[in-house]
Amino acid sequence: LFDSKIILGKNGVPVAENFRLEQSTIADMIQVGQVRVRTLYLSVDPYMRCRMNEDTGSDYLLPWQLSEVADGGGVGVVEESKHDNLAKGDFVTSFSWPWQTVAILDGSLLQKLVPQLVNGRLSYFLGAAGITGLTALLGIKEKGHVTVGANQTMVVSGAAGACGSLAGQIGRLEGCSRVVGIAGTDEKCSILVQEMGFDAAINYKKGNVAEQLRDLCPSGVDVYFDNVGGEISDTVISQMNQNSHIILCGQISQYNKDVPYPPPLPPDIEKIQKERNITRERFLVLNYMDKQEASILQLCQWIQEGKLKQFSTLTYFIISLEAAFQSMMSGGNIGKQIVSVSK
């Protein structure tokens, strides 16, 4: 058994010294209600940076504890079961999967998976058919106010990330007439347009973002799916229309800083927001779990029909977790960052 443990982080960029990989053993026997699982995939996500602080800034996120096994979204296969509803060979998932190659878990906390729903691509249950897809879909439905036929323009920041790449596609499926992404490399921009169906993409590291936005969004911005915060978001907000909407999904540019969430806007941008009646409300997908089942079925239908694609950055073996996390936090991933534990 290998497990990955976290040394508590502080404000600043996560480094290799914040992580430790250990070899240990687990119990030979499992108790009634438990299952022994072999980990197949682990999800690496920006919100995990917040869990490296004693105060995560969110009442729904508990901090990782010093020298305890880290956890997050995971998918695995049952190797032994003493739970009535789970059998050997079943594929299961959890949002609190330990970063271990093998684990003994409470079967009641696991969700049984149906691989056929995602055409056998189990890692999709951590992305397009999981909490990431739910965040994109429900964020757009609950906070985006997208109306079919209204000729709305959506802008997505962090558009080549796990959630952003799905949000752009879903915005189109829900009725946006134009979708523009903002990403950090030409390669990412090319993938957004050629493979993800975005109308256009802006490399924020090249040229003037404000000028490019004006050219690509001649009718202004009606819906902004915000994954990054900071200067990019300030630029987008300044070009948003009257009565438009911000979907406040994430603020990754601020996660290494000691600021409240959501971070306050600069005074001049806040003035624009208020004058134009732009909604900017904190969005938490966990508040909409009553819509989870129907939403997952919708996502899976789109996947089966080829209308929703998941792009993944895959690394292998548990030893790559630390490097995958650091890479993701610096924008090294395209799409969902996943570690394949059992290659």
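Predicted model only: the values in this text are computed from it and were never measured.

Definitions and cut-offs
- Residues numbered from 1 in each chain as written.
- Predicted model: local features only at pLDDT ≥ 70, side-chain atom pairs only at ≥ 80, totals over all residues.
- Heavy atoms only, no water.
- Helix = DSSP H or I, 4+ residues; strand = E, 2+ residues; numbered from the N terminus.
- Rg over C-alpha atoms; globule rule 2.2 N^0.38 Å.
- Buried < 20%, exposed > 50% of the residue type's maximum accessible area, 1.4 Å probe, protein only.
- Contact = heavy atoms within 4.5 Å.
- Areas by Shrake-Rupley, 256 points an atom, 1.4 Å probe, with all protein chains shown as cover.
- Phe/Tyr/Trp six-rings, centres within 6.5 Å; stacked < 30°, edge-to-face > 60°.
- Salt bridge = Lys/Arg side-chain N within 4 Å of Asp/Glu carboxyl O.
- Core = buried A, V, L, I, M, F, W, Y, C linked by side-chain atoms within 4.5 Å.
- Domains from an automatic or database assignment.
- Disulfide = S-S within 2.5 Å.
- Arc of directions from axis to C-beta.
- Pairing = 2+ DSSP bridges.
- Axes fitted to C-alpha atoms, helices over the stretch in contact; angles between N-to-C directions.

Student: What's the story with the overall build of the chain in this structure? I'm lost.
Tutor: The helix and strand tally for the chain stands at eight helices and 15 strands. Here the C-alpha radius of gyration of the chain, 20 Å, is about what a compact globule of 343 residues would show, namely 20 Å. In terms of its C-alpha atoms, the chain occupies a principal-axis envelope of roughly 65 × 45 × 35 Å. A buried classification covers 52% of the 343 residues belonging to the chain. The long-range fraction of contacts in the chain, counting pairs at least 24 apart against all pairs at least 6 apart in sequence, stands at 68%. Surface exposure of the chain reaches about 15,400 Å², of which carbon and sulfur atoms provide 49%.

Student: I would appreciate a short explanation of the packing of aromatic side chains in the present structure.
Tutor: Centre-to-centre distance and the angle between the planes together describe a pair of aromatic rings. Under the defined criterion, the tally for this structure stands at four aromatic pairs. Pairing Y47 with F95 gives two aromatic rings, centres 5.7 Å apart and planes at 20 degrees, and the pair type is stacked. One end of the pair, Y47, is in the loop between β3 (34-44) and β4 (71-81); the other, F95, is in strand β5 (residues 91-98), with 48 residues separating them in the sequence. A relative accessible area of 16% means that Y47 is categorised as buried. With centroids separated by 5.6 Å and ring planes inclined at 20 degrees, the aromatic side chains of F283 and Y288 adopt a geometry described as stacked.

Student: Mind showing me how you'd approach the pattern of salt bridges here?
Tutor: Here the idea is simple: oppositely charged side chains can pair when their charged atoms come close. Under the criterion given, the structure shown has 15 salt bridges. Among the salt bridges present, the one from K143 reaches E281, with a minimum N-O distance of 2.8 Å. Note that K143 is positioned in helix α1 (residues 131-144) and E281 in strand β13 (residues 279-282), a separation of 138 residues in sequence. Note on E281: relative accessible area 42%, which makes it partly exposed. K206 is the partner of D186 in a salt bridge, and the nearest nitrogen-oxygen pair spans 2.5 Å. Here D186, found in helix α3 (residues 186-194), pairs with K206, found in the loop between β10 (200-203) and α4 (209-216); they are 20 residues apart in sequence, far enough to count as distant. Accessibility expressed as a relative area gives 46% for K206, which makes it partly exposed.

Student: Help me understand the nonpolar core in this model?
Tutor: Where a protein is soluble and globular, its nonpolar side chains tend to be buried together. If you look at the biggest cluster of nonpolar residues, it comprises 47 residues, and the most contacted ones within it are I140, I170, F225, L299 and L308. Sorting the residues of this core by element identifies β4, α1, β8 (153-157), α2 (162-174), β9 (178-183), α3, β11 (221-226) and α7 (292-304) as the ones contributing at least two each. Both domains that furnish three or more residues to this core are identified here as domain 1 (2-127 + 310-340) and domain 2 (132-286). Those residues in contact with L299 that lie beyond four places of it in its chain are A128, G133, L134, L137, I170 and L308. If you look at the next biggest cluster of nonpolar residues, it comprises 28 residues, including M52, W64, M328 and V339.

Student: Before we go on, may I ask you to explain the state of the cysteines in this structure?
Tutor: The term disulfide refers to a covalent linkage connecting the sulfur atoms of a pair of cysteines. Per the stated rule, a full pass over the model turns up zero disulfides. Between C217, a free cysteine, and C176, which holds the nearest cysteine sulfur, the sulfur-to-sulfur gap is 11 Å. For the unlinked cysteine C249, the closest cysteine sulfur is that of C163, found at 3.8 Å.

Student: What am I meant to see in α3 here?
Tutor: One turn of an α-helix holds 3.6 residues; hence residues three or four places apart share an orientation. Here α3 has its buried residues at K188, C189, I191 and L192. For α3, the arc enclosing every buried residue in end-on projection is 160 degrees, short of the 170-degree limit, so these residues lie on one face. Counted as exposed and oriented over 90 degrees from the buried face of α3: E187 and Q194. Buried residues along α3 sit against β9 and β10.

Student: So what exactly am I meant to see when it comes to the sheet that holds β9 here?
Tutor: The strands making up a sheet associate through hydrogen bonds between their backbones, and the pairing can be parallel or antiparallel. Spatial strand order, β10-β9-β8-β11-β12-β13: six strands in an open sheet with parallel pairing. Whereas interior strands pair on both sides, the edge strands pair on one side only; in this sheet they are β10 and β13. Geometrically, the sheet is characterised by an average inter-axis angle of 20 degrees between neighbouring strands, direction not taken into account. In this fold α4 packs onto β8, β9 and β10, with an angle of close to 170 degrees to the strand it touches most, β10.

Student: Honestly, the side chain of S340 in this entry has me stumped. Any pointers?
Tutor: With respect to the helices, strands and loops of the structure, S340 is situated in strand β15 (residues 336-340). Looking at S340, the relative accessible area reads 4%, which means it is buried. Beyond its immediate chain neighbours, meaning those up to four positions away, S340 contacts L40, Y41, L314, T315, Y316 and F317.

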